[in-house]
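What follows is the residue order along each chain.
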Amino acid sequence: MAQTQVVVAFHAHPDDEVILTGGTLAKAAAAGHRVVVVTATDGRMGNEADNPRLDELRSSASILGVDRLECLDYADSGYGPDFYPDPPGRVRFGRANVDEAAQRLASILRAEDAQLLLSYQSNGGYGHRDHVQVHHVGQRAAELAATPRVLEATMPREVLTRIGDVARLLRLPAPYEPDVVRAAYAPRATITHRINVRRFAQQKRDAFAAHRSQIGDGLNARMFGVLLRLPPQVLGLIFSHEWFVDPAAPSGPVRAPQDDIFD
């Protein structure tokens, strides 16, 4: 049996842990590795007293087999051209002092003796200011904690382009605008890790379903209702892989992506 390792997944908001890495985390947990999830924000834009998102995050983490869950408690910065002022007594993560936030994450990496940090690419995937900040804070925290390896969650840009074509036909909201998609995530040829998560598609679906407050209503709710009724075999085809880039890998096309985040 492979040696047990510790992976810390650093995400911007509750529900990102599922969308980008849910299958990978469930796969690591099933293999006996210790899985830790840290979110930068609690999902609140302000100081709303009624915030179901942390409870939803706990449910999601339990479904995925996460061993430890932490939140750095920054405020959500929001997506779009308007960068709102900080709410009273809180700092939006997009304005957080990078070294200060990195020290907080590094303390978790040290305490866990983590061998691997999952973070985001410098473009934040699709440019969300909190996702870009995850990259900067994660990169600095790994340096401070001397974490041996970092992988950056991504997806093939070509896939997002196809999704964007459908999204525009269905009039789904951002981030599917053509100018965003052209520079989003990573070209397929640069992806170093392509993780087969077919066996964990149902866990990923159930974990996402735990984030009920993010599903919305109207067309989004109807589409999600259809998704919930799909059989596991079909879910496995839809949620078959998750992708990562190793920032330490040599530049240039990748011939054969790895199928294990610990490779």
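See the structure above.
Note that this is a predicted model, so its numbers are computed, not measured.

What counts and what doesn't
The residue numbers shown here count from 1 along each chain, following its written sequence. For a predicted model such as this one, the threshold for reporting local features is a pLDDT of at least 70, and the threshold for listing and counting side-chain atom pairs is 80 or more; totals across whole chains, interfaces and linings nevertheless cover every residue. With hydrogens and water stripped out, all remaining heavy atoms of the structure feed into the side-chain values. Runs of H or I in DSSP of at least four residues are treated as helices and runs of E of at least two as strands, each being numbered from the N terminus. Residue exposure (1.4 Å probe, protein chains only): buried if accessible area is under 20% of the type maximum, exposed if over 50%, otherwise partly exposed. By the convention used here, strands pair only if DSSP detects at least 2 bridges between them. Only the stretch in contact is used when a helix axis is fitted, and all axes are lines through C-alpha atoms; the angle between N-to-C directions ranges over 0 to 180 degrees. Any Phe, Tyr or Trp ring, taking Trp's six-membered ring, that has another such ring centre within 6.5 Å forms a pair; planes under 30 degrees apart are called stacked, those over 60 apart edge-to-face, and the others tilted. Oblique is the label for any angle not covered by the other classes, which are roughly parallel (under 35 degrees), roughly antiparallel (over 145) and roughly perpendicular (65 to 115). We call a crossing left-handed when the near helix sits turned anticlockwise from the far one by less than a right angle, and right-handed when that turn is clockwise. For this analysis, residues touch if any pair of their heavy atoms sits within 4.5 Å. Side-chain classes are defined by residue name, with Ala, Val, Leu, Ile, Met, Phe, Trp, Tyr, Cys and Pro counting as nonpolar, Asp, Glu, Lys and Arg as charged, and the others, Gly among them, as polar. What a helix should span is 1.5 Å times the count of its residues minus one. Here, the arc refers to the directions that run from the helix axis to the C-beta atoms. Note on terminology: a nonpolar core comprises buried Ala, Val, Leu, Ile, Met, Phe, Trp, Tyr and Cys residues joined through side-chain atoms within 4.5 Å.

(A) Representation of unusual backbone geometry within the structure. Residues other than glycine seldom take positive phi values, yet Asp113 does so here, at roughly 50 degrees. Mapped onto the fold, Asp113 is located in the loop between helix 3 (98-112) and strand 4 (116-120). The class of Asp113 is exposed, set by a relative accessible area of 54%. Look at Ala146: it is not a glycine, yet its phi comes out positive at around 55 degrees. Tracing the backbone through its elements, the reader meets Ala146 in the loop between helix 5 (129-145) and strand 5 (149-154).

(B) Local environment of the sheet that holds strand 2 (residues 34-41). In space, the 7 strands of this open sheet follow the order 3-2-1-4-5-7-6, with mixed pairing throughout. The open sheet terminates on both sides in strands that have one partner only, identified here as strand 3 (68-74) and strand 6 (193-196). Looking at each pair of strands side by side, their axes are set apart by 25 degrees on average, direction ignored. Pairing of strand 4 with strand 5, which is carried by 5 bridges, proceeds in the parallel orientation. For Leu117, the partnering residue across the bridge sits in strand 5 and is Val150.

(C) Quick look at the packing of aromatic side chains. Enumeration according to the criterion identifies 3 aromatic pairs in this entry. Summarising the aromatic geometry, the rings of Phe10 and Phe93 are spaced 6.3 Å apart at their centres and angled 90 degrees between planes, so their arrangement reads as edge-to-face. Taken together, the residues Phe10 in strand 1 (residues 6-11) and Phe93 in the loop between strand 3 and helix 3 connect sequence positions 83 residues apart. Accessibility assignment for this pair places Phe10 and Phe93 in one class, buried. Each ring, one from Tyr79 and one from Tyr126, has its centre 5.2 Å from the other, and the planes form 70 degrees; the classification is edge-to-face. You can see Tyr79 sitting in the loop between strand 3 and helix 3 and its partner Tyr126 sitting in helix 4 (residues 124-127), a full 47 residues away along the chain.

(D) Highlighting the packing of helix 3 against helix 5. With their axes 8 Å apart at the nearest point, helix 3 and helix 5 run at an angle of 55 degrees to one another. Of the possible angle classes, the one that applies to helix 3 and helix 5 is oblique. Pair helix 3 / helix 5 crosses with right-handed handedness. In this structure, helix 3 contributes Val98, Asp99, Ala101, Ala102, Gln103, Leu105, Ala106, Leu109 and Arg110 to the contact, and helix 5 contributes Gln133, His136, Val137, Gly138, Arg140, Ala141, Ala142, Leu144 and Ala145. Here the contact of helix 3 with helix 5 is built from residues that sort into 11 nonpolar, 4 polar and 3 charged.

(E) Spotlight on helix 2 (residues 53-64). Between the first and last C-alpha of helix 2 there are 16 Å, a value that for 12 residues agrees with the 16 Å anticipated at 1.5 Å per step. For helix 2, the complete set of buried residues consists of Arg53, Leu54, Glu56, Leu57, Ser60, Ala61 and Leu64. Here the buried residues of helix 2 occupy an arc of 155 degrees about the axis, which is enough to place them on one side. Buried residues belonging to helix 2 abut helix 1 (16-30), strand 2, strand 3 and helix 8 (201-209). Directly beyond the C-terminal end of helix 2, a positive phi value near 85 degrees is found at Gly65.

(F) Representation of the nonpolar core within the structure. Core analysis: the biggest nonpolar cluster contains 60 residues, and Val7, Phe10, Val38, Phe93, Leu109, Leu118 and Ile261 have the highest contact counts within it. Considering every element that reaches this core, the biggest residue donor is helix 3, with 6 residues. Sequence-distant contacts of Leu118, that is, excluding residues within four places in its chain, are made with Val7, Val8, Ala9, Phe10, Thr21, Leu25, Leu151 and Phe244.

(G) Focus on the pairing of strand 6. Residue alternation in strand 6 divides its side chains into a buried set, His193 and Ile195, and an unburied set, Arg194 and Asn196. Two strands pair when backbone bridges link them, and strand 6 and strand 7 (residues 241-245) are joined in this way by 4 bridges, in the antiparallel orientation. By the bridge assignment, Ile195 is partnered in strand 7 with Glu242.

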